[in-house]
Amino acid sequence: MSTNIDHVLHEDRSFPPSEAFRSAARISSEEEYDAIWRRSIDDPDGFWGEVARQIPWIKPFDQVLDWSDAPRAKWFGGGQLNASAVCLDQHLISGRKDKTAILWEGEPGDQVSYTYAELHDAVCRFANVLKARGIKKGDRVAIYMPMIPELAMATLACARIGAIHSVIFGGFSASSIRDRIEDGSCTAVITSDGGWRRGKVLPLKDVVDEALADLPGSDEAGVHTVLVVKRTENDVAWHEGRDCWYHDELAKVSGECPPEPMESEDTLFLLYTSGSTGKPKGIQHTTGGYMVGTYLTTQFVFDLREDDIYWCTADVGWITGHSYIVYGPLANGATVVMYEGAPNQPHPGRFWELIAKHKVTILYTAPTAIRAFMRWGDEHVDKHDLSSLRLLGTVGEPINPEAWIWYRQKIGGGRCPIVDTWWQTETGGIMMTPLPGVSATKPGSCMKPFFGVDPVILDSDGVEVEGDAGGYLALRKPWPSMLRGIWGDYERFVETYWSKFKGMYFPGDGARLDKDGCTWIMGRVDDVLNVSGHRLSTMEIESALVSHGAVCEAAVVPRPDEITGQAIVAFVSLAGDASKSDELVAELGAHVSKEIGKLARPADIRFADALPKTRSGKIMRRLLKDVAAGREIAGDTTTLEDMSVIESLRDG
Ligand code: WTA
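Remember, predicted model here, so these are calculated numbers, not experimental data. (Residues numbered from 1 in each chain as written. Predicted model: local features only at pLDDT ≥ 70, side-chain atom pairs only at ≥ 80, totals over all residues. Heavy atoms only, no water.)

K.L.:
If you had to explain the domain arrangement of the protein to someone new, which residues and values would you point to?
P.N.:
For the protein, the assigned domains are domain 1 (19-82 + 267-523), domain 2 (86-260) and domain 3 (528-651). Distance between the C-alpha centres of domain 1 and domain 2: 26 Å. Taken residue by residue, the interface counts 47 residues in domain 1 and 48 residues in domain 2. Together, the buried faces of domain 1 and domain 2 total about 4,300 Å²; carbon and sulfur atoms form 55% of this surface. The largest share of the area that domain 1 buries against domain 2 comes from Asn82, Met338 and Glu340, three residues that together contribute 20% of it. Note that Lys99 and Glu306 form a salt bridge whose closest N and O atoms lie 2.7 Å from each other. For the pair domain 1 and domain 2, the interface holds 32 residue pairs in polar contact (both at pLDDT 80 or more). Every element with two or more residues in the side of domain 1 that touches domain 2 is listed here: strand E14 (267-273), helix H11 (319-331), strand E17 (335-339) and helix H12 (350-358). Here the side of domain 1 that touches domain 2 gets 7 residues from one element, more than from any other, and that element is H11. Grouping the amino acids of the side of domain 1 that touches domain 2 by side-chain chemistry returns 30 nonpolar, 11 polar and 6 charged. (Domains from an automatic or database assignment. Contact = heavy atoms within 4.5 Å. Buried area = accessible area lost by both parts, 1.4 Å probe. Salt bridge = Lys/Arg side-chain N within 4 Å of Asp/Glu carboxyl O. Polar contact = N/O pair within 3.5 Å; in protein donor to acceptor, adjacent residues only side chain to side chain. Helix = DSSP H or I, 4+ residues; strand = E, 2+ residues; numbered from the N terminus. Nonpolar A, V, L, I, M, F, W, Y, C, P; charged D, E, K, R; others polar.)

In structure tokens:
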């Protein structure tokens, strides 16, 4: 039996770009978009070859795509380039040397900016520091830092010498860091003594110390260097020989560092993300395709202009920050705003104050942030002049129409197009999106495929669904910035992404196409939660809970949440001698924070005498979802082994 996915959302409004926006845009008509998209699908070699030649290569490529060993893709074979040279060196000779590259503001209000020439110099010096510490091409370097300019520099410095960076979001716990360092066999860590968040200093170096403390073999094969950037006055413990202050090392090096020539398919970075089973996956991106993809999407999706002040509010610890703070915008020579802290520090209008102060023209943020701003109240927005804005974007999760309309009216003054961009860590860059000068956007729809993207919606048998019914989203064509693997586990890569539908990439999302051919993403179809735009696996949170002595079994499900999109609800059954108490709830929450990070802490922990299971012993999360959301239990319960379990959960 084939199954479709039901959809409930009906949204008929649509908002074309203003005539002023349209007439100035790179692409300004449906016909133009259709023609370019059609060509990108019919003649991908011609299309991508032309795009790729717009970025600087050290040695030109001799083949656009080799897909003969699918799903192992080889883009721009024979070509050599360096991502940091694409982002920096080219601008020094193209007249952008004195243009601001990064405009940074710390949470306490301190400011620094770097021109392209200054950023180039800083990255070369940073790269020389890494070299002086014995870090070389192919080595893996973990980066665990606050949102300070040195974070962007660290990624580019790794790229410059050909080291593979693995950025770990600053909210992850010591044990999450340890897992990622071990999985990637990182030999160095770049961190900072601390970073500002909500008026307090996060002790990042301490967390790194804890992560490394019980890492086996750290003397021989393990981490030989922890490079510490000074950001605060935080006291830090010191491991002689291993730890070094960045500013001390900096004093010893020159500003001369030619970019390492990298093969197009050499790995640029790893970024870990949650999957439905097993430990986090080290998503592997390579150099040529990733740079081409992020370069092109940044230019067209944001319709980037030379004088734009561009602000993406993501953290560089996530893919959005990699692709749309660092690589894509810098490859285009943009002026990028970077902000260290929380959006409501010291007041709920901080973002709007920043926009007014720096005359930001493009804002790219997440639905969860937009919903939080709505709740904090319009008065915090009204105090600031947002008239510099000309384009808005969202990413990370489906945006509800109410938040979309608020974003358009309140932040965009009714004049800025909104690009709702669908993509993933795995896709490297934006895959489906409105084009701002073209699309009559519909609130909640990511509209149409970007160039070279060939989506289809299938039922569980792999048959294309008819009409505007929901189904599984799949992509029929390889694209340059696609992931090349899961670090150290090629089989899992094939199994997770390329096995559900033959010859197609399966992203794990449900979607539907409406009568106009616009796409509506319906969220994950697997056991991945999306909390505040952060992907978390139910399985990882369950394992963290079960690793606590009092817990015998745990099931984690999402509940709809007005602000965070989804909130985590955990059902736990306790081990024999443990007893239910509020203290235990608090303790389990703290335990999950410690094991994974605060972002995974359940909003709601409920004790259950037993969990609902099928006769074959599988936990029926579908039923728990209904219980968590306070809904009637829907669908078939005949496979449930013991109905009374559900009744007692609901009553409890
Ligand atoms: C979801 C973030 C609806 C989706 C770039 C995807 C979205 C997952 C959208 C990837 C959007 C991302 N509309 N859903 N515009 N953007 N998603 O890897 O479920 O952190 O699979 O990448 O977020 O999350 P990730």
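K.L.:
Please give an account of the site of the ligand that cites residues and values.
P.N.:
Close to the ligand lie 17 residues, the nearest being Asp420, Thr421, Thr425, Asp509 and Arg535. Contacts to the ligand include Asp509, whose side-chain N or O atom sits 2.8 Å from an oxygen atom. Separating an oxygen atom of the ligand from a side-chain N or O atom of Arg524 is a distance of 2.9 Å. About the coverage of the ligand: the protein hides 96% of its 530 Å² of free accessible area. Sorting the residues of the shell around the ligand by element identifies H11, strand E20 (418-421) and strand E27 (519-524) as the ones contributing at least two each. For the shell around the ligand, the class distribution of residues is 6 nonpolar, 6 polar and 5 charged. (Near = heavy atom within 4 Å. Areas by Shrake-Rupley, 256 points an atom, 1.4 Å probe, with all protein chains shown as cover.)

K.L.:
Give a detailed account of the packing of aromatic side chains, specifying residues and quantitative values.
P.N.:
As enumerated under the stated definition, the model contains 41 aromatic pairs in all. Aromatic side chains Phe501 and Phe506 sit 5.7 Å apart centroid to centroid with 85° between the ring planes, which places their arrangement in the edge-to-face category. Exposure class is identical for Phe501 and Phe506. Each is buried. In textbook terms, an aromatic cluster arises when at least three aromatic residues are bridged by ring pairs, as seen for Tyr33, Phe47, Trp48, Trp57, Phe61, Trp75, Phe76, Phe300, Phe450 and Phe451. Over the ring of Tyr490 we find Arg72, and its NZ or CZ is 4.0 Å from the ring centre. The positively charged end of Lys500 is found above the aromatic ring belonging to Phe506, 5.5 Å away from the centroid. (Phe/Tyr/Trp six-rings, centres within 6.5 Å; stacked < 30°, edge-to-face > 60°. Buried < 20%, exposed > 50% of the residue type's maximum accessible area, 1.4 Å probe, protein only. Lys NZ or Arg CZ within 6 Å of the ring centre and 35° of its normal.)

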